[in-house]
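As a plain string of letters, each chain reads:
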Amino acid sequence: MMMCKEATRLMSLRQDRPLKFRERLSLRLHLSMCSACRECDRQFELLHKAGQHKASASEGTDEERRAP
Amino acid sequence: MTQDTPEARHRRLIDVRPRLVSFALMHLRDLSRAEDAVQEALTAALEKDGSFAGRSGYETWVFGILKYKILDVMRAQKRQGKWQPLEDEGDDDEPIERQFQQNGQWQKDARPSSWGEPEAAFENDHFWQVFDACMIALPDSAARVFSLRELMGLSTDDICRELGIKENNCWVILHRARLRLRACIEKGWLKETAS
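So, how was this worked out
Residues numbered from 1 in each chain as written. Chains lettered and ligands numbered in written order. Predicted model: local features only at pLDDT ≥ 70, side-chain atom pairs only at ≥ 80, totals over all residues. Heavy atoms only, no water. Helix = DSSP H or I, 4+ residues; strand = E, 2+ residues; numbered from the N terminus. Buried < 20%, exposed > 50% of the residue type's maximum accessible area, 1.4 Å probe, protein only. Contact = heavy atoms within 4.5 Å. Areas by Shrake-Rupley, 256 points an atom, 1.4 Å probe, with all protein chains shown as cover. Core = buried A, V, L, I, M, F, W, Y, C linked by side-chain atoms within 4.5 Å. Buried area = accessible area lost by both parts, 1.4 Å probe. Salt bridge = Lys/Arg side-chain N within 4 Å of Asp/Glu carboxyl O. Polar contact = N/O pair within 3.5 Å; in protein donor to acceptor, adjacent residues only side chain to side chain. Nonpolar A, V, L, I, M, F, W, Y, C, P; charged D, E, K, R; others polar. Phe/Tyr/Trp six-rings, centres within 6.5 Å; stacked < 30°, edge-to-face > 60°. Lys NZ or Arg CZ within 6 Å of the ring centre and 35° of its normal. Disulfide = S-S within 2.5 Å. Expected span 1.5 Å × (residues − 1). Arc of directions from axis to C-beta. Axes fitted to C-alpha atoms, helices over the stretch in contact; angles between N-to-C directions. Parallel < 35°, antiparallel > 145°, perpendicular 65-115°, else oblique.

Below, the discussion takes up the overall build of chain A. Each helix and strand in chain A was counted, giving 4 helices and 0 strands. Starting at the N terminus and walking to the C terminus, you meet the elements of chain A as α-α-α-α. Split into buried and exposed, the 68 residues of chain A put 51% on the buried side. For chain A, restricting intrachain contacts to residue pairs at least 6 apart in sequence, the fraction spanning at least 24 positions comes to 51%. Put simply, chain A shows about 3700 Å² of open surface, and 55% of that area lies on carbon and sulfur atoms.

Put into structure tokens, the structure is as follows:
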């Protein structure tokens, strides 16, 4: 059974490359049983989105532009 | 459209400048260097104003110019040997080890809690203050790799080529950076908001 620390390694890894079949399987199994790791996974996902958010220009003016 | 006159674009440059500086600071980790890079990007944006196709995405275009400037500065720093070697930063794993027990399970007081919906967090100024502070608190090489990956959007393959490290090393650094960031943000954001 994979432990949380190893699970976080795979969660991090999948932000950077597609997981291999076995990695995906063992991570999925772990996440199905571990609520703390599910939160950590969401946090890594949020960090990823935060990076994109910071690197884009999406305040106010974008919306003005999107308006028809 | 009034938005697309050169004057309107100048105003938009002034508006977007603080966010450009904050972005450059994440990468260069030095305010005066960050401001210099932004100044160069803004100058280039004004000079090339005619080559901007109009329509939409002016700020995105300016961010794109800044990204090139930042990569230039980083490459120059690397050439001048101003970087610590990336390989030996195992010096301080404490913030990571502290989150786990010996057997690899979460420490009780480090168990991740919910941060809510990303969109709500992103609209919260305090979240960004904490995020920026936690980025600054990262060790140099972790911050450099993380910002190239998540802010600049480079692949780990490209980062390795840029920094001259092995891809496996890159993944290890990113794993540590994310664990540090999550712990730091959770502490600074959730716990303060709750109190």
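It is worth spelling out the nonpolar core at this point. All names here are of chain B. Of all hydrophobic cores here, the largest spans 75 residues; its most connected members are Leu66, Phe127 and Ile185. If one sorts the elements of this core by residue count, helix H9 (residues 167–194) sits on top with 9 residues. For Leu66, the contacting residues outside a window of four places in its chain are Leu20, Phe23, Ala24, Ala37, Val38 and Ala41.

Another point: the interface of chain A and chain B. Residue-level contacts link 34 residues of chain A with 47 residues of chain B. Of the roughly 3500 Å² buried between chain A and chain B, counting both surfaces, carbon and sulfur atoms make up 62%. Summed over the shared surface of chain A and chain B, the result is 4 salt bridges. Between Asp132 of chain B and Lys54 of chain A there is a salt bridge, with the nearest N and O atoms lying 3.1 Å from each other. Taken together, chain A and chain B are joined by 16 residue pairs in polar contact (both at pLDDT 80 or more). Elements supplying a minimum of two residues to the side of chain A that touches chain B: helix H1 (4–13), helix H3 (35–54) and helix H4 (61–66) of chain A. Ranked by residue count, the leading element in the side of chain A that touches chain B is H3 of chain A, at 16 residues. For the side of chain A that touches chain B, the class distribution of residues is 12 nonpolar, 12 polar and 10 charged.

As a further point, take the packing of aromatic side chains. All told, the structure shown has 9 aromatic pairs over all chains when counted by the stated rule. A cation over an aromatic ring shows up here: Arg17 of chain A above the ring of Trp171 of chain B, its NZ or CZ 5.1 Å from the ring centre.

Residues and elements named next belong to chain B. Summed over the entire model, instances satisfying the criterion amount to 1 disulfide over all chains. Note on cysteine connectivity: Cys134 is disulfide-linked to Cys184, with sulfurs 2.0 Å apart. Here the disulfide of Cys134 and Cys184 is left-handed, its torsion about the S-S bond being about -85°. Taken as a pair, Cys134 in helix H6 (residues 125–137) and Cys184 in helix H9 lie far apart in primary sequence, 50 residues in all. Judged by relative accessible area, Cys134 falls into the buried class, the value being 4%.

This part takes up H6 of chain B. Residue and element names in this part refer to chain B. Here H6 spans 18 Å end to end across 13 residues, near enough to the 18 Å set by a 1.5 Å rise per residue. Of all the residues in H6, the buried ones are Phe127, Trp128, Val130, Phe131, Cys134 and Met135. When H6 is viewed along its axis, its buried side chains cluster within an angular range of 160° and face the same direction. Exposed and facing more than 90 degrees away from the buried side of H6 are Asp125, Gln129 and Ala137. Here H6 starts with a cap whose side-chain oxygen sits 2.8 Å from the backbone nitrogen of His126, and that cap is Asn124.

With that settled, consider the environment of Asp30 of chain B. With respect to the secondary-structure elements, Asp30 of chain B resides in the loop between helix H1 (6–28) and helix H2 (31–47). With 72 residues separating them in the primary sequence, Asp30 of chain B and Gln102 of chain B have C-alpha atoms 37 Å apart.

Our focus in this paragraph is the side chain of Glu150 of chain B. As for its placement among the helices and strands, Glu150 of chain B is situated in helix H7 (residues 140–151). Polar side-chain contacts of Glu150 of chain B include one of 2.6 Å to the side chain of His48 of chain A. Filtering out sequence-adjacent residues up to four positions away, Glu150 of chain B remains in contact with His48, Gly51 and Gln52 of chain A together with Arg178 of chain B.

Time to look at the packing of H3 of chain A against H6 of chain B. Closest axis-to-axis distance for the H3 of chain A/H6 of chain B pair is 12 Å, and the angle between their directions is 95°. Taken together, the axes of H3 of chain A and H6 of chain B lie roughly perpendicular to each other. Of the residues in H6 of chain B, those in contact with Leu46, Leu47, Ala50, His53 and Lys54 of chain A of H3 of chain A are Phe127, Trp128, Phe131 and Asp132 of chain B. When its residues are assigned to classes, the contact of H3 of chain A with H6 of chain B shows 6 nonpolar, 1 polar and 2 charged.

Attention now goes to the side chain of Arg149 of chain B. Locating Arg149 of chain B in the fold gives a position in helix H7. Arg149 of chain B has contacts with Gln15 and Asp16 of chain A together with Leu154, Ser155, Thr156, Ile159, Leu174 and Arg178 of chain B, leaving out every residue within four places of it along the chain.

A few words now on unusual backbone geometry. Of note in the backbone geometry, Arg29 of chain B takes a positive phi value of approximately 60° without being a glycine. The class of Arg29 of chain B is partly exposed, set by a relative accessible area of 24%.

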